[in-house]
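# Observations on chain architecture
Each chain, written out:
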Amino acid sequence: MYHVAVHVLAKRLLEHIRRQELLAAGERAGVAVSGGIDSVALLRLLLELQPELGIVVSVVHFNHKLRGAESDADEQFVAGLAREHDLEFFSDGDDVAQHAADEKIGVEAAARELRYGFFSHLLTPESEAQGLKPSAISTLLRGPEGPLFHKIVTGHTLDDQAETVLLRLIRGTGMKGLGGIHPRIPIENEDGEMCGEIVRPLLATRRMDLERYLHDIGQCWREDSSNAEDAFTRNRVRKLVLPLLEKEFNPAIAGNLAELSEIARGEEDYWENEAAGWMGTGVHWSEPEWARSSSSGLVQIAASGPGGKKDSDLSSRIERASWLVMDAWVDRMWFLGEPIAVQRRIVKAIGDHAGIPLGFKHVEEILKFATGGGDSGKALSLPLGWKMVREPAQLIFQTPDLSGGEAPHDYEYSLQIPGCVSVSETGSMIEARRIPAGTDAGYNPDHLLDADALTGPLRVRNWRAGDRFRPSHRKSPRKIKELFQELHVPEAERRLWPVVLNGPEIVWMRGFAVAAQFRAKPGRDAIAIAETTAIGDVDPL
């Protein structure tokens, strides 16, 4: 029974939290507050519900340092909010722009990586020893060796969910990607044990309802100026695409997309459980023939044998492989007797378990080959040098032979402008898109090539010894081997690293800006080279 008046939105949120079992009595919850509408409303709602939920609330904030004084002012605002409500405040920050440059990733991805690293840090028992000093009462509540928090609570809304699902539909995804933002993410410690969760209780709540709630209670918030920048794809979806869909096609589109994500998560959970069962029943695993000793029949994977250096070298190559060095096989009649949905899941599960990057087109080629169609004979080439062998009674996925130190063979494909090519060796698609003059807003100019300077068709291949490349803003060409060192690319991943050539010149290389001498010029058509992997399921928020 409520002892004070509770806002109707708080009552709805309480029902949702209890139904989803997101927070439990006695738990310490760190509420992630950026200063914007969503997170400020989340904090105020949880404070209203604190007596009913029986949780201990604190405030956490991560300063991305992307907007200078504005970012610092956000942190000061959140700290003031915590003081106003007599709450503990935990903050951290890092130079996201520098991290993005160092790791050669986008700013959004870099921000998420650092922010969620901070959240994970707060959920591990070692956090106090690593420099975060809670107050005496917090130490008393959690005990001398426990983590600061059981849960980190973030303000992702139904609108964020709709935007995420729509973005993934636009980019291309499968059922897993349609699951969008998950209501909870388990966090593990260094020993692989679960030590806490990140939970999102507002995924059933619209942003406009949160704004109305803050007006009702007279609570101010901070506006993030970067939310108005069209350079971020999510902002364009939020400002242009979703409002257009709501106005012209379906006012309930955001809710429908959120419902689709919930359905997809349920479907994916079911299929993942099924796939786990197949890994020990319908799918069988064995050491590859080349890894067996010809004299004793003993497998030489775990340790070097009596052959000395040769066996030691083989063990080293096996350990460096980016895949599971085990063959997989299934009964062909059983496989072909299953519905196509099950066949696709079996193939994808084998790829996921073994570390073979299989996209939709790879899976469809495998299914066609399994029935005996196609012109490939009895063996089908797969990414990373794997092969699928079709026998009368079996379908065998064979790992690359590392006994002679051989790596997957070189590859080379023609790429039309515009056009797209599937690179089976890397499990990715590489596309050349023509960007008409004046329509390149939102593209990073360092990633655009001058259309007039390209003779086409282009060639996609793996880099070769002696290749040199000069990315934009570099004074001179560098050996690609040196660029790998700069990018900290693991040895096992270098062999198949893709580059795009215009004649003899490398104009594009994964992880770097385009070639300086071919960079797009203002007022002229441009070409964007894009590489996409099988399915992008990383939560961008």
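In what follows, the accompanying structure is described.

Calculation notes
Residues numbered from 1 in each chain as written. Predicted model: local features only at pLDDT ≥ 70, side-chain atom pairs only at ≥ 80, totals over all residues. Heavy atoms only, no water. Helix = DSSP H or I, 4+ residues; strand = E, 2+ residues; numbered from the N terminus. Buried < 20%, exposed > 50% of the residue type's maximum accessible area, 1.4 Å probe, protein only. Contact = heavy atoms within 4.5 Å. Areas by Shrake-Rupley, 256 points an atom, 1.4 Å probe, with all protein chains shown as cover. Pairing = 2+ DSSP bridges. Expected span 1.5 Å × (residues − 1). Bend = angle between axes of the 7 residues up to and from the residue. Salt bridge = Lys/Arg side-chain N within 4 Å of Asp/Glu carboxyl O. Axes fitted to C-alpha atoms, helices over the stretch in contact; angles between N-to-C directions. Parallel < 35°, antiparallel > 145°, perpendicular 65-115°, else oblique. Left-handed = near helix turned anticlockwise from the far one by under 90°. Nonpolar A, V, L, I, M, F, W, Y, C, P; charged D, E, K, R; others polar. Lys, Arg positive; Asp, Glu negative; His and termini not counted. Polar contact = N/O pair within 3.5 Å; in protein donor to acceptor, adjacent residues only side chain to side chain.

Of the regular secondary structure elements, the chain holds 17 helices and 21 strands. Across the 541 residues in the chain, those meeting the buried criterion constitute 46%. Within the chain, contacts between residues separated by at least 24 positions form 69% of all contacts whose residues are at least 6 apart in sequence. Of the roughly 26,900 Å² of accessible surface on the chain, 52% is carried by carbon and sulfur atoms.

Here the focus is the environment of Trp271. By secondary structure assignment, the location of Trp271 is in helix 11 (residues 253-278). Among the residues examined, Trp271 registers a relative accessible area of 17% and is labelled buried. Between the C-alpha atoms of Trp271 and Ile346, which are 75 residues apart in sequence, the distance is 9.8 Å. Beyond its immediate chain neighbours, meaning those up to four positions away, Trp271 contacts Trp278, Val342 and Arg345.

Two strands pair when backbone bridges link them, and strand 9 (residues 379-381) and strand 10 (residues 387-390) are joined in this way by 3 bridges, in the antiparallel orientation. Looking at the pairing, Ala379 lines up with Val389 of strand 10. The hairpin turn running from strand 9 into strand 10, its antiparallel successor, is 5 residues long, and Leu384 in that turn takes a positive phi close to 65 degrees. The pairing of strand 10 with strand 11 (residues 394-398) spans 4 bridges and is antiparallel. Paired with Met388 across the bridge in strand 11 is Phe397. Hairpin connection between strand 10 and strand 11: a loop of 3 residues separates the two successive antiparallel strands.

Within strand 20 (residues 505-509), 4 of the 5 residues are buried, which leaves the element mostly enclosed by the surrounding structure. As defined by bridge partners, strand 19 (residues 498-502) adjoins strand 20 across 4 bridges and the pair is classed as antiparallel. Bridge pairing in strand 20 links Val500 to Trp508. The antiparallel pairing of strand 19 with strand 20 creates a hairpin that spans 2 residues between the two strands, and Gly503 there sits at a positive phi of about 65 degrees.

Along its 16 residues, helix 10 (residues 233-248) runs 21 Å from first to last C-alpha, staying within 8% of the 22 Å computed at 1.5 Å per residue. At Val241, helix 10 shows its largest kink, close to 30 degrees, and the proline Pro243 lies no more than four residues downstream. When helix 10 is considered as a whole, its buried residues turn out to be Arg234, Asn235, Val237 and Leu242. Considering only its buried residues, helix 10 is in contact with helix 5 (107-123), helix 7 (158-171) and helix 11.

A word on the pattern of salt bridges. Tallied over the entire structure, the rule returns 34 salt bridges. The shortest N-O distance in the salt bridge between Arg67 and Glu70 comes to 2.6 Å. Judged by its relative accessible area of 21%, Arg67 falls in the partly exposed class. Taking the relative accessible area as the measure of exposure, Glu70 reaches 22% and is therefore partly exposed. With its nearest N and O atoms 2.8 Å apart, the salt bridge here joins Asp450 to Arg524. Of this pair, Asp450 sits in strand 15 (residues 448-450) while Arg524 sits in the loop between strand 20 and strand 21 (526-533), and the two are 74 residues apart along the sequence.

Attention shifts here to the packing of helix 2 (residues 37-53) against helix 9 (residues 207-217). Running from amino to carboxyl end, helix 2 crosses helix 9 at an angle of 60 degrees, the nearest separation of the two axes being 9 Å. Taken together, helix 2 and helix 9 sit at an angle that is classed as oblique. Every pair of crossing elements has a handedness; the one defined by helix 2 and helix 9 is left-handed. Residues Ile37, Asp38, Val40, Ala41, Arg44, Leu45 and Glu48 of helix 2 lie in contact with helix 9, whose contacting residues are Arg207, Leu210, Glu211, Tyr213, Leu214 and Ile217. Tallied by class, residues from the contact of helix 2 with helix 9 come to 8 nonpolar, no polar and 5 charged.

Attention now goes to the side chain of Arg332. With respect to the element layout, Arg332 can be found in helix 13 (residues 332-337). For the buried Arg332, which has no salt bridge, the nearest side chain bearing the opposite charge is Glu391, at an N-O separation of 8.4 Å. A distance of 2.9 Å separates a polar atom in the side chain of Arg332 from the backbone oxygen of Ala370. Ignoring sequence-local partners within four residues, the contact set of Arg332 consists of Ala370, Thr371, Gly372, Arg390, Glu391, Pro392, Ala393, Gln394 and Leu395.

Let us look at the packing of helix 4 (residues 96-103) against helix 5. Close contact between helix 4 and helix 5 brings their axes to 8 Å; oriented N to C, the two are set at 110 degrees. As judged from the angle between their axes, helix 4 and helix 5 are roughly perpendicular. Taken together, the residues of helix 5 that come into contact with helix 4 (itself represented by Val96, His99 and Ala100) are Val107, Ala110, Ala111, Glu113 and Leu114. A per-class count over the contact of helix 4 with helix 5 returns 6 nonpolar, 1 polar and 1 charged.

Glancing now at the sheet that holds strand 1 (residues 28-32). Strand order in the open sheet formed by 6 strands is 3-2-1-4-6-5, and the pairing between neighbours is mixed. Edge positions in the sheet fall to strand 3 (89-93) and strand 5 (184-188), since each has one partner strand and no second. With direction set aside, neighbouring strand axes in the sheet form an average angle of 25 degrees. In terms of strand pairing, strand 1 meets strand 2 (residues 56-63) through 5 bridges, oriented parallel.

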